[in-house]
Amino acid sequence: MPTHVPAEAHGDERGALLSFVEAQRGGLRRAVLGLTEEQNTSRPSAGALSLGGLIKHVAETELNWLRMAQQRPNEKQRDQSNWHESFQLLGDETTEGMLAFWAEVAVETEEFIRKVPSLDDTFPLPPAPWFPKEGRVSMRWLMMHLVEETARHAGHADILRESLDGKTAFELVDLVNG
């Protein structure tokens, strides 16, 4: 990890989990630092991933998990017919717009996790071949999964950024920190 995650206040498990998610979000945000929209939507590897598309996907994925935990409908729900669109900026969508949307989701995630009575509280998983039948997960599991999901894609973003202009995650941290 190219940044140090500060220690939480003693016993502040929620704060620790939120800090680790935020550290991974920062990796993705830094990956687009100083790039043009053309660079953010380009696909510099053999795959179909772009930096802007990754940011959209991670933002929508965090929102989806948040809505599941809140047991509310997801206003950006994807299905098999449009799943691929979660990795692409479409129409008038921009990287800047996706970053703003993701910032709103992040605030909502933090507010929800800070207010939930217990990290041991659970919510049901939707029916899907990859989830156990009638499965449930805890709020703690949710936060660990957001760390995992965001970190995975932050790694993808590191590779894409380095492919575009050679800048590494450490160089981008230095750029942000002056």
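Residues numbered from 1 in each chain as written. Predicted model: local features only at pLDDT ≥ 70, side-chain atom pairs only at ≥ 80, totals over all residues. Heavy atoms only, no water.

Topic: helix α3 (residues 51-70)
Reasoning step 1: Across its 20 residues, α3 extends 29 Å between first and last C-alpha, which sits within 8% of the 28 Å expected from 1.5 Å per residue.
Reasoning step 2: Put simply, Ser50 is the residue that caps the front of α3, since its side-chain oxygen is 3.0 Å from the backbone nitrogen of Gly53.
Reasoning step 3: After α3 finishes, the residue Gln71 shows a positive phi value of roughly 55 degrees. (Helix = DSSP H or I, 4+ residues; strand = E, 2+ residues; numbered from the N terminus. Expected span 1.5 Å × (residues − 1). Polar contact = N/O pair within 3.5 Å; in protein donor to acceptor, adjacent residues only side chain to side chain.)

A word on the side chain of His145
Reasoning step 1: Mapped onto the elements, His145 comes out in helix α5 (residues 139-165).
Reasoning step 2: Looking at His145, the relative accessible area reads 15%, which means it is buried.
Reasoning step 3: For His145, the side chain forms a polar contact with the side chain of Glu148, separated by 2.9 Å. (Buried < 20%, exposed > 50% of the residue type's maximum accessible area, 1.4 Å probe, protein only.)

Re the nonpolar core
Reasoning step 1: Counting residues in each nonpolar core, the largest one holds 21 residues, and the members touching the most others are Trp65, Phe112, Ile113, Phe123, Met139, Leu142 and Met143.
Reasoning step 2: Of all elements in the fold, only α1 (13-31), α3, α4 (95-115) and α5 reach the threshold of two or more residues within this core.
Reasoning step 3: Per-element tally for this core: the top contributor is α5, with five residues.
Reasoning step 4: If sequence neighbours within four positions are ignored, Phe123 has contacts with Trp65, Met68, Ala69, Gln71, Gly135, Arg136, Val137, Ser138, Met139 and Leu142.
Reasoning step 5: Counting 18 residues, the second largest nonpolar core, distinct from the first, contains Leu35, Leu89, Trp102 and Ala154. (Core = buried A, V, L, I, M, F, W, Y, C linked by side-chain atoms within 4.5 Å. Contact = heavy atoms within 4.5 Å.)

Observations regarding a nonpolar patch on the surface
Reasoning step 1: On the surface, Leu33, Leu175 and Val176 cluster together to form a nonpolar patch covering roughly 250 Å² of accessible area.
Reasoning step 2: Tracing the backbone shows Leu33 in the loop between α1 and α2 (37-41).
Reasoning step 3: Overall, the relative accessible area of 33% leaves Leu33 in the partly exposed class. (Patch = residues over 30% accessible without salt bridge, like charges linked within 9 Å, V, L, I, M, F, W, Y side chains within 5 Å. Areas by Shrake-Rupley, 256 points an atom, 1.4 Å probe, with all protein chains shown as cover. Salt bridge = Lys/Arg side-chain N within 4 Å of Asp/Glu carboxyl O.)

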